[in-house]
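Below, each chain spelled out in residue letters.
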There are 2 protein chains.
Amino acid sequence: MPKRPDIYGGEFDIIRDFFAPLTTGNHGSLGLTDDAAVLGLPAGKELAITADTLVCDVHFRRNDPARTVAHKLLAVNLSDLAAMGATPYAYTLAVAWPGDLDLEWIKDFAAGLGAAQEHWRIDLVGGDTVRTPGPMTLNLTAFGFIETGRALTRSSVCDGDRLFVSGSLGDAALGLRVLQGELAPDNTADRHHLIERYQQPTPRIALGGRLIGTANAAIDISDGLLADVGHMARASGVDIQVNARELPLSEPAEKLISGTPELLEAAYAGGDDYELVFAVPADRSLNFANLSRELKLPITEIGHAMKCRGDNATVKLMGTNEVEINVTRTGYRHF
Amino acid sequence: MPKRPDIYGGEFDIIRDFFAPLTTGNHGSLGLTDDAAVLGLPAGKELAITADTLVCDVHFRRNDPARTVAHKLLAVNLSDLAAMGATPYAYTLAVAWPGDLDLEWIKDFAAGLGAAQEHWRIDLVGGDTVRTPGPMTLNLTAFGFIETGRALTRSSVCDGDRLFVSGSLGDAALGLRVLQGELAPDNTADRHHLIERYQQPTPRIALGGRLIGTANAAIDISDGLLADVGHMARASGVDIQVNARELPLSEPAEKLISGTPELLEAAYAGGDDYELVFAVPADRSLNFANLSRELKLPITEIGHAMKCRGDNATVKLMGTNEVEINVTRTGYRHF
């Protein structure tokens, strides 16, 4: 019989049995037994800090496996660190568990965190667990190192910069629709690929680190390509043009979109991609083909930045023959 | 007409209008417009990190004023920093708003944070806002400075240490019962005092800083005096004796308890006090009367630590004539 957390030993047993091992001996965690964690910082480094919250039925599905929810929670935060060029260092976890939550779920969630943190070399150092009468609410705050003064931001795109994106776009949004039964890929491998991209995104940490000193600006795609490029454009005060025909698609996404062209929206507005978009000065000669091979990650030029022509910075999606595509939705609205 | 956040401009307008001003120009916040915040750390300092979550209807009441909820959210985190002896530096905020939340509430909440952070000299540097179909869930992660290697912990109480507590005990737990209509103080000032102690606790930051080099160990009282002293005892491997007759009570609490002696439970198990309990070696000659005058804060000796006699560290509450009081509840159980 799976035990419920309220008839198990309560918060302290759960922390001791499932979460304290995730500190993997990190001294600053104080074994998760104290009031706070304590972190040092090597000379010449700054700390990049990011926090993201996932709410059940909003940011993940109730039936998503606990391990993949853990993976996603860590990944979306590490994606923010990647966009700054920071190296993952430690994280804190603040969870609100519903009272009827199965203890097995918590155990699988902790195991998922363990696998993900080992892969990305980051330790749990602190946090909080409470009970909620509402949906499970998971907050993770991730800390990364970065050389002082070298953090990439989204606000330094310059007129003339070339715009690049990593990986492929739209897979996660299509994967969600597959899970919802709205789309049916024609084979199991495609189905698996799209769902995995939704449930278990990959933060582009190595790429982010390599962009320092190369890119003028970077951002990760969480809300949707055009929405996030819009954040860059407004923060930088430039117009940005994105070319629809250049958007990189995986083979499974390509197949679905070639059958139903409207599904291209998933690539420019779907969100949850956790790829990096970055702007590079046109006169900076860089061999992205080599970097792409080294990182085993596609890097695709998808547009460019121009002087801002109106009162507000804008983003245009261009189709063939330089005709602007009328976009009704640029990305996820938080509320 | 109050506007609802979903028909206001959405997340970004709310952040810009209400929360970006709370960065008070802190450079590392990047104006709350980027993927992450960036914090430096002065040479020779470590960062203390603590996170606490407040859930509506669990940790605060739906009718509590937004300003006091903001105050409490910041205070409970700063209390953890105080228990380590850390100096407040910055915080991040991750909030899950219910869809029907009044925009005025958010505005008042931000104003409350503004007032509290000005008082405690700490800036907002980052965070996240999402929407939830459940109760409002507020997570704050606070960062403090501390000299490297000097953080106070709860795990270093020694045999023979004298145990002290700041302020008065039980006010908050009695204040909650006043708000719930279960208790009626005989005058408005008493009522106000007890409710304020529940809604707007005071983190003992100055005291925490002064305890470094003086106390062997410290903890803040959030769960309840005996529960938190129990955490200290187990982490340190010592038995601790607390003397019921020494528990410091405010005048309003004293009056209620003298009428109904069972209410003394609020002082030893009520929780939400956010006072500091700390252990000092018996041979360390310190003038706590002077420190108390300087900080305008009562400091009371309430017990002592002894060698652990059984397999597990225990905490005893002693009444008059050295008779142990049988305690059925030591503090708040998280679940």
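Bear in mind the structure is a predicted one, so any value in this text is a computation, not a measurement.

Rules behind the numbers
- Residues numbered from 1 in each chain as written.
- Chains lettered and ligands numbered in written order.
- Predicted model: local features only at pLDDT ≥ 70, side-chain atom pairs only at ≥ 80, totals over all residues.
- Least-squares fit on C-alpha atoms with pLDDT ≥ 70 in both.
- Contact = placed C-beta atoms within 7 Å.
- Axes fitted to C-alpha atoms, helices over the stretch in contact; angles between N-to-C directions.
- Helix = DSSP H or I, 4+ residues; strand = E, 2+ residues; numbered from the N terminus.
- Parallel < 35°, antiparallel > 145°, perpendicular 65-115°, else oblique.
- Left-handed = near helix turned anticlockwise from the far one by under 90°.
- Nonpolar A, V, L, I, M, F, W, Y, C, P; charged D, E, K, R; others polar.
- Buried ≥ 20, exposed ≤ 12 C-beta atoms within 10 Å, placed from the backbone.
- Pairing = 2+ DSSP bridges.
- Expected span 1.5 Å × (residues − 1).

Visitor: Sorry, what's going on with the relation of the copies chain B and chain A here?
Guide: One copy of the chain maps onto the other through a rotation about an axis plus a displacement along that axis. Each copy of the sequence occupies a distinct position, and chain B is placed on chain A by a rotation of 180 degrees and an axial shift of 0.0 Å, giving an RMSD of 0.0 Å. The transformation just described matches what one would write down for a two-fold rotation axis. Across chain B, the rotation axis passes nearest the C-alpha of B:Gly134, at a separation of 2.3 Å. Of the interface residues in chain B, 100% have counterparts in chain A that sit at the interface too, so the contact is made through matching surfaces.

Visitor: Explain the packing of helix α2 (residues 66-84) of chain B against helix α3 (residues 103-120) of chain B to me, please; I cannot follow it from the model alone.
Guide: Residues and elements named next belong to chain B. Two elements in contact, α2 and α3, have axes whose closest approach is 7 Å; the angle formed by their N-to-C orientations is 40 degrees. Accordingly, the angle class assigned to the pair α2 and α3 is oblique. The way α2 lies across α3 gives a crossing that is right-handed. Mapping the contact onto sequence places Ala 66, Arg 67, Thr 68, Val 69, Ala 70, His 71, Leu 74, Ala 75 and Leu 78 in α2 and Trp 105, Asp 108, Phe 109, Ala 111, Gly 112, Leu 113, Ala 116, Gln 117 and Trp 120 in α3. Of the residues contributing to the contact of α2 with α3, the split by class is 12 nonpolar, 4 polar and 2 charged.

Visitor: Teacher, can you tell me more about the pairing of strand β5 (residues 137-147) of chain A here?
Guide: Looking down a regular strand, the side chains alternate between one sheet face and the other. Residues and elements named next belong to chain A. Of all 11 residues in β5, 9 are buried; the element is thus mostly enclosed. Bridge count for strand β2 (residues 45-55) against β5 is 11 bridges, and the pairing is antiparallel. Bridging from a neighbouring strand, Asp 52 pairs with Leu 140 of β5. In this structure, strand β3 (residues 87-98) lies alongside β5, joined through 9 bridges in antiparallel fashion. Each bridged residue has a counterpart across the sheet, and for Val 95 the counterpart in β5 is Leu 138.

Visitor: How should helix α3 (residues 103-120) of chain A be read in this particular structure?
Guide: Because the α-helix completes a turn every 3.6 residues, residues three or four places apart line up on one side. All names here are of chain A. Over its 18 residues, α3 extends 26 Å from the first C-alpha to the last, a length consistent with the 26 Å expected when each residue adds 1.5 Å. Every buried residue belonging to α3 is among Leu 103, Ile 106, Phe 109, Ala 110, Gly 112, Leu 113, Ala 116 and Gln 117, and all of these are buried. Where α3 is buried, its residues touch α1 (11-19), α2 (66-84) and β4 (123-132). Following α3 by one or two positions, Arg 121 adopts a phi angle in the positive range, close to 55 degrees.

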